[in-house]
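# Residue-level structure breakdown
As a plain string of letters, each chain reads:
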Amino acid sequence: MTDTERAQRYQTRMQRQKKVVDAAIARADRTQGLLLVHTGNGKGKSSSAFGMIARALGHGMRVGVAQFIKGRTDTGEEAFYRSQQNVIWHILGEGFTWDTQNLERDTETAQRGWAVAQSMLQDPTFDLIILDELTYPIKFGWLDLSMVLNDLKERPPMQHVVVTGRAAPDALCAMADTVTEMTDIKHAFRAGIQAQKGIDL
Ligand code: ATP
Ligand code: MG
């Protein structure tokens with residue numbers, strides 16, 4: 001094949017692809033608040049959600065964060081975003097269950113936390129809400145799944161919500177518009193490397 005033939009083939013293939021892409025873009029003609037779920041055992045669920053905060057702030061949007069399980073008190077995202085006027089950051093969990101070891105206390109903490117999340121879900125001035133590690137209080141039975149789903153359903157129509165955490169319930173994934181499962185192929189921690197600032201916290 002000559003260089004001219006190769007260039008001609010490439011152009012034809014790209015023209016065909018552009019038609020497909022343009023048609024797909026033309027079909028997507030609706031706008032609405034989205035429910036996203038980041039689940040799975042691989043790294044990237046929370047950090048991807050926090051990346052969306054930067055996108056939203058770049059568009060002048062207002063963001064609320066509710067962290068349900070507080071594993072660390074020193075994350076870079078919290079330190080950075082707390083200084084942003086358009087971000088409200090709530091830490092609603094006390095720690096991991098293996099730290100607290102108290103079912104009644106964990107249940108109360110989660111329910112108090114959900115009341116805070118609920119108030120954001122009823123407030124249309126929030127354009128984006130991150131419910132970080134919400135799957136755990138549901139999984140442990142501290143929060144009622146149908147209550148959570150109902151509050152998500154009743155939120156303002158243009159409000160976006162991202163839920164993170166492993167083992168997202170099927171009903172939550174079914175209600176969501178976009179669901180991503182992070183796959184754990186390898187993680188440095190298993191090779192004995194400590195959580196690194198800027199990468200893991
Ligand atoms: P990140 O906040 O880095 O996006 P994540 O939200 O997907 O991670 P979590 O289960 O919330 O994952 O865990 C947060 C911490 O645990 C981070 O320090 C992360 O690097 C680490 N981590 C995430 N997945 C794994 C894994 N599969 N094995 C070991 N450590 C992990
Ligand atoms: Mg996380």
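Residue indices begin from 1 for each chain and proceed along its sequence in written order. Chains and ligands are labelled sequentially in the order written, the chains with letters from A and the ligands with numbers from 1. In keeping with the predicted nature of the model, local features appear solely for residues at pLDDT of at least 70, side-chain atom pairs appear and are counted solely at 80 or more, and the whole-chain, interface and lining totals rest on all residues. Heavy atoms throughout the structure, all of them, feed into the side-chain values; hydrogens and water do not.

## Let's talk about the overall build of the protein
- Secondary structure elements are defined from DSSP: runs of H or I of at least 4 residues count as helices, runs of E of at least 2 residues count as strands, and each element is numbered from the N terminus. A count of helical and extended segments in the protein gives eight helices and six strands.
- The N-to-C order of helical and strand elements in the protein reads α-β-α-β-α-β-α-α-β-α-α-β-α-β.
- Principal axes of the C-alpha set define a box for the protein whose edges measure 75 × 45 × 35 Å.
- The buried share of the protein, reckoned over its 201 residues, is 37%. The cut-offs for exposure are 20% and 50% of the maximum accessible area for each residue type, with area from a 1.4 Å probe on protein chains only; residues under the lower value are buried, those over the upper are exposed, and the others partly exposed.

## With respect to the coordination of the magnesium ion (ligand 2)
- For Na, K and Ca the donor cut-off is 3.2 Å, while for other metals it is 2.8 Å, and in both cases only N, O and S atoms qualify; water is not among them, so sites may look incomplete. Ligation of the magnesium ion (ligand 2) by protein atoms is provided by S46 (OG) and E133 (OE), these donors lying 2.0 to 2.1 Å from the ion. Of this pair, S46 sits in helix α2 (residues 45-58) while E133 is found in the loop between β4 (128-132) and α6 (135-139), placing the two residues 87 residues apart along the sequence. E133 shares its class with S46; the two are buried.

## A few points about the pattern of salt bridges
- Salt bridge, as applied in this entry: a Lys or Arg side-chain nitrogen positioned within 4 Å of an Asp or Glu carboxyl oxygen. Here the structure, examined in full by the defined rule, presents four salt bridges.
- Between E78 and R82 there is a salt bridge; the shortest N-O distance is 2.8 Å.
- Here R82 falls in the partly exposed class, since its relative accessible area comes to 45%.

## Focus on the domain arrangement of the protein
- For each domain, the first and last residues come from an automatic or database assignment. Structurally, the protein comprises domain 1 (1-30) and domain 2 (33-191).
- Distance from the C-alpha centre of domain 1 to the C-alpha centre of domain 2: 39 Å.

## Here we look at the pairing of β4
- Summarising burial for β4: five of the five residues are buried, a large majority.
- A two-sided burial pattern is seen for β4, the buried positions comprising L128, I130 and D132 on one face and I129 and L131 on the other.
- As paired elements, strand β2 (residues 63-67) and β4 share five bridges and run parallel to each other. Bridge pairing links Q67 to D132 in β4.
- At least two bridges found by DSSP between two strands is the condition for calling them paired. Note: β4 against strand β5 (residues 160-164), four bridges, orientation parallel. Along β5, the bridge assignment pairs L128 with H160.

## Regarding the packing of aromatic side chains
- We call Phe, Tyr and Trp rings a pair once their centres come within 6.5 Å, taking the six-membered ring for Trp, and we label the pair stacked below 30 degrees between planes, edge-to-face above 60, and tilted otherwise. In the structure shown here, the tally under the stated rule is five aromatic pairs.
- Look at F50 and W89: their rings are 5.2 Å apart centre to centre, the planes differ by 45°, and that puts the pair in the tilted class. Separated by 39 residues along the polypeptide, F50 in helix α2 and W89 in strand β3 (residues 87-91) bring together distant segments of the chain. For the pair shown, F50 and W89 are each scored as buried.

## Description of the sheet that holds strand β6 (residues 178-182)
- Strands sit in the order β3-β2-β4-β5-β1-β6 across an open sheet of six strands; the sheet is parallel. Taken across any chain shown, the strands that pair with only one partner, and hence form the sheet edges, are β3 and β6. Recorded for the sheet is a direction-independent mean angle of 10° between the axes of neighbouring strands. A fitted line through C-alpha atoms represents every axis, and for helices the fit uses only the stretch in contact; the resulting angles, taken between N-to-C directions, go from 0 to 180 degrees.

## A short note on the site of ligand 1
- Around ligand 1 lies a shell of 14 residues, among which K43, K45, S47, E133 and D200 are the nearest.
- Whenever two N or O atoms come within 3.5 Å, that pair is a polar contact, provided that in protein one can donate a hydrogen and the other can accept it, and provided that, for residues adjacent in sequence, both atoms are side-chain atoms. Within the side chain of E133, one N or O atom sits 2.8 Å away from an oxygen atom of ligand 1.
- Computed on the free molecule, ligand 1 has an accessible area of 570 Å², of which 80% lies beneath the protein chains in the complex.
- When residue character is reported, Ala, Val, Leu, Ile, Met, Phe, Trp, Tyr, Cys and Pro are called nonpolar, Asp, Glu, Lys and Arg charged, and the others, Gly included, polar. Within the shell around ligand 1, the residues separate by chemical class into one nonpolar, six polar and seven charged. Here, proximity means that at least one heavy atom of the residue falls within 4 Å of the molecule or strand. Here, Shrake-Rupley sampling with a 1.4 Å probe gives the accessible areas, and only protein chains in the shown set may cover a residue.

## Brief notes about α2
- To estimate how far a helix should extend, the number of its residues minus one is multiplied by 1.5 Å. When the terminal C-alpha atoms of α2 are compared, their 21 Å separation across 14 residues agrees well with the 20 Å that a helix rising 1.5 Å per residue should span.
- Among the residues trailing α2, G60 stands out with phi positive, at a value near 75°.

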